[in-house]
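A look at the structure
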Amino acid sequence: MAQVIVIGAGISGLTAAYALSKAGHEVAVFEQCAAPGGRMRSQRIGGFLMEYGANSILTPAPAAERLIAQLGLDPEKVTRGTAARRRYLVRGGRTRSLPLQPCRFLLSDFFSLPGRLRMLMEPFVPAQHDDETVAGFVRRRFGSELLDYVVDPLVGGLFAGDPGQLSVCAAFPQLKQLERCAGSVVGGIIRSRFQQGAKPAVGDPGRRVLSSFRQGLGTLPRAIARQLAGRIFLGHRVEAVQHRVSGGYRVNVRRGSLAQWSTADSVVVALPAYAAAAVLCGLDERITEALVDIRHPPLAVVFLGYRAQSIAHPLDGVGVLTPAVEERNVLGMLFSSTLFAGRTPPGHIALTAFIGGARQPQLAMLKPRELEELARSEVRQLLGGRAAPLMARTRCWRYGLPQPGLDHAHRLSGIAACAAEHTGLYLTGNYFSGVSTAACIQQAFDTVQRVMEYLASPQARRRLVA
Ligand SMILES: Cc1cc2nc3c(=O)[nH]c(=O)nc-3n(C[C@H](O)[C@H](O)[C@H](O)COP(=O)(O)OP(=O)(O)OC[C@H]3O[C@@H](n4cnc5c(N)ncnc54)[C@H](O)[C@@H]3O)c2cc1C
């Protein structure tokens, strides 16, 4: 019997369990896999450091930074290498650098003249307040060229998504906010810079920093799991959550062929939407129906390690992204060894390719050898790969990232309303306020706040005394 059962030991569940336990509550975390971390897992293989899922945290991210500091991990932090200056995009089959400064961006021959003129019209486009797809929003405000060659690859890189399907309010709430408040995105950015002086402006990528740890992002979940020793149960799959007649919840947990019930006053379901749907189907079909429709197209990660001289490209950037109109077989490739130091043995480089997502879900389901071959071929064509990699590893996420569609806000409020009928039941995870690990951490802290309010309520106290 714990006060709170947390289901799932990804970064969402671990953050929630850590915060609850730090506040003095008894927690038990059940995780189906043999290791904690979920989509945040790193492994050193022969001197190369592979990230199986998340690669970096974008800061400033106050909740994530606070968590990292509380765990004493600040000395382990690494930030984007100075050589990772550029952003590359593919256009006309070539890998081209995209200028980031506004003037150079507009003067660059990356875009056609009509395309640039159309972008300059943005401040004069009337504001529209309703939600719309990312593609609809960008095409309406900036024109098709920016959509096809910048936003589409960016959405591929951030969400493994299709801008024609994603809600702009859910995926890029700041952009819609700028349009709503200032009537234009460009006008809103200029105004916020003017108002904030030296402070970072909304949507200003130049002031943001990509961070990780010396031994990869997996350092964070591993550190939390150490703090939760004795309260985290790996290899324990939760199959059902039910109300107890006497109040609180009972949770059916399976370990191998053994199934048993555990009880708690409160339950935090920190699972991806599709997994939460399965666990909650006996409790509330309405929640399950709302969760199960959130799409998670499959996404494959291919990590390749080469001798440095095997790649002609200088790899002086974060990576290269591919627009859908270019019809490539990768969504993009991170220059992992440029992004963070210490990822390879000396004289070597590492690349991480992403395949599939909403654009080409069928590709992510190919066999590991086929995925590796696709990635190697793209390295040859886009980065001048001249020799075979020394090492290659693949990881397919059968369910990749959640895709917040146009009905997402409505769906979430429906889930929240139904969940509120189950006193002491809370849901958290990457389908609420953003897929990034930073957003998951913030969401988990917010959820913990509500759990603690409930545990301190007269209703919960009466039950505890009884
Ligand atoms: C390839 C890839 C690259 C990414 N890159 C980045 C990046 O660079 N930066 C960034 O910020 N974000 C990135 N993300 C997103 C980010 O990693 C995730 O959104 C975040 O880690 C999700 O954390 P979570 O705890 O909510 O879910 P998960 O990490 O999915 O954790 C859920 C946990 O629940 C467990 N579980 C599932 N069902 C059950 C059950 N029935 N019983 C018990 N346990 C169960 C799972 O095994 C898992 O451990 C990336 C994601 C992917 C897939």
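The rules behind each value
- Per chain, the residues get numbers from 1 upward, laid out in the order the sequence is written.
- Whole-chain, interface and lining totals are the exception, using all residues; otherwise, since this is a predicted model, local features are given only for residues with pLDDT of at least 70 and side-chain atom pairs are given and counted only at 80 or more.
- A pair of strands is considered paired only if DSSP assigns at least 2 bridges between the two.
- Here a strand is any run of E in DSSP of at least two residues, a helix any run of H or I of at least four, and the numbering for each starts at the N terminus.
- Throughout, an axis means a line fitted to C-alpha atoms (over the contacting stretch in the case of helices), and angles, computed between N-to-C directions, take values from 0 to 180 degrees.
- We call two residues in contact when their backbone-placed C-beta atoms lie within 7 Å.
- Should the near helix be turned anticlockwise from the far one by less than a right angle, the crossing is left-handed, and should it be turned clockwise, the crossing is right-handed.
- Nonpolar residues are Ala, Val, Leu, Ile, Met, Phe, Trp, Tyr, Cys and Pro. Charged residues are Asp, Glu, Lys and Arg, and all others, Gly as well, are polar.
- Note on definitions: a residue is near a molecule or strand provided its C-beta atom, placed from the backbone, lies within 6 Å of it.
- Domain ranges listed in this record stem from an automatic or a database domain assignment.
- An angle counts as roughly parallel when it lies under 35 degrees, as roughly antiparallel when it exceeds 145, as roughly perpendicular when it falls between 65 and 115, and as oblique in every other case.
- A set of buried residues qualifies as a nonpolar core if it consists of Ala, Val, Leu, Ile, Met, Phe, Trp, Tyr and Cys joined through C-beta atoms within 7 Å.
- To sort residues by exposure, count the other C-beta atoms lying within 10 Å of each residue's C-beta; 20 or more gives buried, 12 or fewer gives exposed, and values between give partly exposed, all with C-beta atoms placed from the backbone.
- On a scale of 0 to 100, pLDDT captures the predictor's confidence in every residue.

Taken in spatial order, the seven strands of this open sheet run β8-β7-β15-β16-β17-β14-β18, and their pairing is mixed. Each end of this open sheet is capped by a strand with a single partner; those strands are β8 (94-97) and β18 (391-397). Put simply, the sheet's adjacent strands are angled 20° from each other on average, direction ignored. Strand direction decides the pairing type here: strand β14 (residues 299-307) and strand β17 (residues 348-356), joined by nine bridges, are antiparallel. Bridge pairing in β17 places Y306 opposite I349. Sheet strands in contact with helix α6 (residues 144-159) are β7 (86-91), β15 (317-321) and β16 (332-334), and its direction is about 105° off that of β15. Here helix α15 (residues 368-383) sits on the sheet in contact with β7, β8, β14, β15, β16, β17 and β18, set at roughly 60° to β14.

Attention shifts here to the environment of G317. Mapped onto the secondary structure, G317 falls in strand β15. G317 sits 235 residues away from T82 along the chain, and the two C-alpha atoms are 9.0 Å apart. Those residues in contact with G317 that lie beyond four places of it in its chain are A84, R85, R86, R87, Y88, F335 and T338.

A separate point is the sheet that holds strand β9 (residues 209-213). In spatial order, the strands read β5-β9-β6; together these three strands make up an open sheet with antiparallel pairing. Bordering the open sheet on either side are β5 (57-59) and β6 (77-79), each of which pairs with just one other strand. Across this sheet, the average inter-strand angle for adjacent strands is 40°, counted without regard to direction. Across three bridges, the pairing between β6 and β9 is antiparallel. In the strand pairing of β9, V78 is matched with S212.

When two helices pack together, their arrangement is given by the angle between their axes and by how far apart the axes lie. Close contact between helix α5 (residues 134-142) and α6 brings their axes to 9 Å; oriented N to C, the two are set at 145°. The handedness of the crossing between α5 and α6 is right-handed. Contacts from V134, A135, V138, R139 and F142 of α5 reach α6 at S144, L146, L147, V151 and V155. Residues that form the contact of α5 with α6 fall into these classes: eight nonpolar, one polar and one charged.

Mapped onto the fold, A61 is located in the loop between β5 and α2 (62-70). A sequence separation of 376 residues divides A61 from T437, and the C-alpha atoms of the two residues are 9.7 Å apart.

Moving on: the site of the ligand. Neighbouring the ligand are 38 residues, the closest being G8, G10, S12, G38 and A54. Residue composition of the shell around the ligand, grouped by class: 21 nonpolar, 14 polar and three charged. Residues from two domains meet in the shell around the ligand; each of domain 1 (2-39 + 219-294 + 404-465) and domain 2 (44-61 + 72-82 + 296-397) gives at least three.

This next bit is on the packing of α2 against helix α17 (residues 437-455). Where α2 meets α17, the axes come as close as 7 Å, and the angle between the chain directions of the two elements is 80°. Classified by the angle their axes make, α2 and α17 are roughly perpendicular. Taking contact as the criterion, the partners of A63, A64 and L67 in α2 are, on α17, T437, A438, I441, Q442 and F445. For the contact of α2 with α17, a count of residues per class yields six nonpolar, two polar and no charged.

For the protein, the assigned domains are domain 1 (2-39 + 219-294 + 404-465), domain 2 (44-61 + 72-82 + 296-397) and domain 3 (98-204). Computed from C-alpha atoms alone, the centre-to-centre distance between domain 1 and domain 3 is 36 Å. Taken together, the contact pairs six residues of domain 1 with nine residues of domain 3.

V134, V302, L304, L351, A353, I355 and A375 are the most contacted members of the largest nonpolar core, which has 68 residues in total. In this structure, this core is formed jointly by two domains, domain 2 (44-61 + 72-82 + 296-397) and domain 3 (98-204), each of which donates at least three residues. Excluding residues that lie within four positions of it along the chain, L304 makes contacts with A350, L351, A353, A375, R376, V379, P389 and A392. Formed by 66 residues, the second largest nonpolar core is a distinct cluster that contains Y18, A19, V241 and L271.

This paragraph deals with the confidence of the model for the protein. Scored by pLDDT, the protein has a mean of 95; 96% of the residues are at 70 or more. Every residue in residues 200-206 scores below 50 in pLDDT, and together they form 16 contacts with partners more than four places removed in sequence or on other chains.

Right, let's get into unusual backbone geometry. Residue T59 is joined to P60 through a cis peptide bond whose omega torsion reads 10°. Along the polypeptide, P60 turns up in the loop between β5 and α2. The phi angle at A160 is positive, at roughly 50°, despite the residue not being glycine. Residue position: A160 is located in the loop between α6 and α7 (168-171). Phi at L315 takes a positive value of approximately 50°, unusual for a residue other than glycine. As for its position among the elements, L315 is in the loop between β14 and β15. Since 24 C-beta atoms lie within 10 Å of it, L315 is described here as buried.

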